[in-house]
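A structural walkthrough
Residue-level listing of the chains:
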Amino acid sequence: MNKIQQSFHKSRRKELSGLIGKDSIAVIFGNTFRNKSYDGDYLFKQYKNFYYLTGFTEANSALLIAPGGITLKSGSQKIKTKEVLYVQPKDEKMETWSGKRLGYNNVKNELGVDYSEVNEKICRILSYHILKNYRRVYLNIAEMLKLTGDMKKIISDFLDNLNRIAPHTEIIDVSYILGKMRSLKTEFETEKIRKASDISVQSYNEILKILKPGMTEFEIQTELEYYYRHYGGEETAYHPIVASGENACILHYENNDQKLSDNQLLLIDSASEYNYYCSDITRTFPVSGKFTHEQKEIYDIVLKANKECIKKVKPGVRFSEIGKLSEKVLAEGLNKLGILKDKTEIKKYSLHGIGHHIGMDTHDAVPSSVTESSDTDTLKPGMVLTIEPGLYFTKEMKEIPVKYRSMGIRIEDVVLVTKSGSEVLTRGMVKETADVEEKMHITDL
Ligand code: GLY
Ligand code: MN
Ligand code: MN
């Protein structure tokens, strides 16, 4: 790992240390393998909070943070440290089957974490005798309870002892505090999201070159997945939604197995992940290369909502207010077309909220609430959001004129909140109807 990345993760550990305080300790577990069927596992993916603090992608690891210091025994020596990374032991046989392991000797040099031990030693920390010395113990409880294999055994012993431990120390889930940290991206992180967005835009542009009637949704999905890898992404940020016609009205449509026909719209909601950071783009294209009059009417209402909401993004504005603006623009547009008499009924056709935070998770694991003591709804520089208004008319909606039915349109961009306003990280992807048609036409020649 290069020094820039090392110092990013170190800065995250330092910030967490400051937030939890010297009389606290945090133990954050990494992910373990998960069985898919018989002796086959799902592809391993590190827990995002653990990655945020370490950048380490090996299974069966754990991180200890002790802001006030902890003394550990190593043979006859006593070591005082503020951070320990617990990693898998080197094992020649296992490494032949499943790949190289870093080994605790190499942790400091490779990852910049001050001290390291083999993972089984974490059980010493999770004992009554150690934990009772701390006022608070922060754990990634929800993730910890899903661990498998040897790490699960360590957790089981800890849980068996919890009734003895808990009266002496507060047990707190660290996810909320990490979520708050994760809501404000550093430049290191926004660069990753920017890169994930660029890769996604390049890949969408490849799709515009080949999209035509007769193809299947699945072909588009696999082409996108190919180009994400081709342009440097590691995997999809989430299962791609490639939804033609009526299918676009299923918000998380995942079958992607239908044929595209001439008069349909195709909604693609897909993006690449890059170095553990996600993008999230939706565009809606006419399969034929040209929008029909009715398609353009609805598309332009959604586009107006997308653009007006993006204009609103700046520090101090409430995300929930942007959501209300979106509904207002959509309702007015439909009302003007004579489709929606009662504007308060817009939710029936707009279905979902205006967007979400995005980062290491597509729907980023950050708090979004307003309580008496905490407001995570107000935008701040460094937040990264999606703006994704949509309108959806199924064939069952008898109150909607037939010509508009079986149509789902969403236009989604990734937007960084800057000090003075915002920057659209997905701005390279066309969205005006004329630009979409031109791009599809030019590439036809
Ligand atoms: N891709 C899922 C979403 O847009 O929220
Ligand atoms: Mn989204
Ligand atoms: Mn999306």
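Structure first, text after, so check above.
A closer look at the nonpolar core
- L16, I25, F29, L85 and I125 are the most contacted members of the largest nonpolar core, which totals 65 residues.
- Examining the composition of this core, we find that seven residues originate from one element, strand β4 (residues 62-74), more than from any other.
- Leaving out residues up to four positions away in the same chain, L85 has contacts with F50, T54, F56, A62, L63, V107, L111, V113, Y115, S116 and E117.

Details of the coordination of the manganese ion (ligand 3)
- With distances of 2.1 to 2.5 Å, the protein atoms coordinating the manganese ion (ligand 3) are D269 (OD), D269 (OD), D280 (OD) and E412 (OE).
- Between the six donor atoms coordinating the manganese ion (ligand 3), the angles at the centre fall across 55 to 169°, so the site counts as irregular.
- Binding-site remark: the manganese ion (ligand 3) is held by donors from one chain whose sequence spacing is D-x10-D-x131-E.
- In this model, the manganese ion (ligand 3) sits 3.3 Å from the manganese ion (ligand 2), the two metals being bridged by D280.

Some points on the coordination of the manganese ion (ligand 2)
- At the metal site, the manganese ion (ligand 2) is ligated by D280 (OD), H356 (NE2), E388 (OE) and E412 (OE), and these contacts range over 2.0 to 2.2 Å.
- In this structure, the manganese ion (ligand 2) is surrounded by six donor atoms whose angles at the metal cover 50 to 156°, and the resulting shape is irregular.
- When the donor residues of the manganese ion (ligand 2) are listed from N- to C-terminus, their spacing reads D-x75-H-x31-E-x23-E.
- Residue class for D280 comes out buried when judged on its relative accessible area of 3%.

Section: the environment of K314
- As for its placement among the helices and strands, K314 is situated in the loop between α13 (293-312) and α14 (319-336).
- Counting along the chain gives 107 residues from K314 to G421, while the straight-line C-alpha distance between them is 4.2 Å.
- With near-sequence residues (within four places) excluded, K314 lies in contact with L379, V417 and G421.

Topic: the packing of aromatic side chains
- In total, this model carries nine aromatic pairs according to the counting rule given.
- Measuring from ring centre to ring centre gives 6.0 Å for Y227 and Y231, while their planes differ by 25°; the resulting arrangement is stacked.
- Grouped by ring-pair contacts, the aromatic residues F8, Y52 and F188 constitute a single cluster.
- Looking at K132, its charged tip hangs above the ring of Y128, at a distance of 5.9 Å from the centre.
- Directly above the aromatic system of Y274 lies the positively charged group of K195, at a separation of 5.6 Å from the ring centroid.

Describing helix α1 (residues 3-20)
- With 18 residues, α1 extends 26 Å between its outermost C-alpha atoms, agreeing within 8% with the 26 Å of an ideal straight helix rising 1.5 Å per residue.
- By the burial criterion, the buried members of α1 are Q5, Q6, F8, H9, R12, R13, L16, S17 and I20.
- Near the N-terminus of α1, the side chain that reaches the backbone nitrogen of I4, with its oxygen 3.2 Å away, is that of N2.
- Positive phi appears at G21, one or two residues downstream of α1, with a value of about 90°.

What counts and what doesn't
- Residues numbered from 1 in each chain as written.
- Chains lettered and ligands numbered in written order.
- Predicted model: local features only at pLDDT ≥ 70, side-chain atom pairs only at ≥ 80, totals over all residues.
- Heavy atoms only, no water.
- Core = buried A, V, L, I, M, F, W, Y, C linked by side-chain atoms within 4.5 Å.
- Buried < 20%, exposed > 50% of the residue type's maximum accessible area, 1.4 Å probe, protein only.
- Helix = DSSP H or I, 4+ residues; strand = E, 2+ residues; numbered from the N terminus.
- Contact = heavy atoms within 4.5 Å.
- Donors = N, O, S within 2.8 Å, 3.2 Å for Na, K, Ca; no water.
- Tetrahedral: all angles 85-135°; square planar, octahedral: opposite > 155°, others 65-115°.
- Phe/Tyr/Trp six-rings, centres within 6.5 Å; stacked < 30°, edge-to-face > 60°.
- Lys NZ or Arg CZ within 6 Å of the ring centre and 35° of its normal.
- Expected span 1.5 Å × (residues − 1).
- Polar contact = N/O pair within 3.5 Å; in protein donor to acceptor, adjacent residues only side chain to side chain.

Read these as spatial facts, not as claims about activity.
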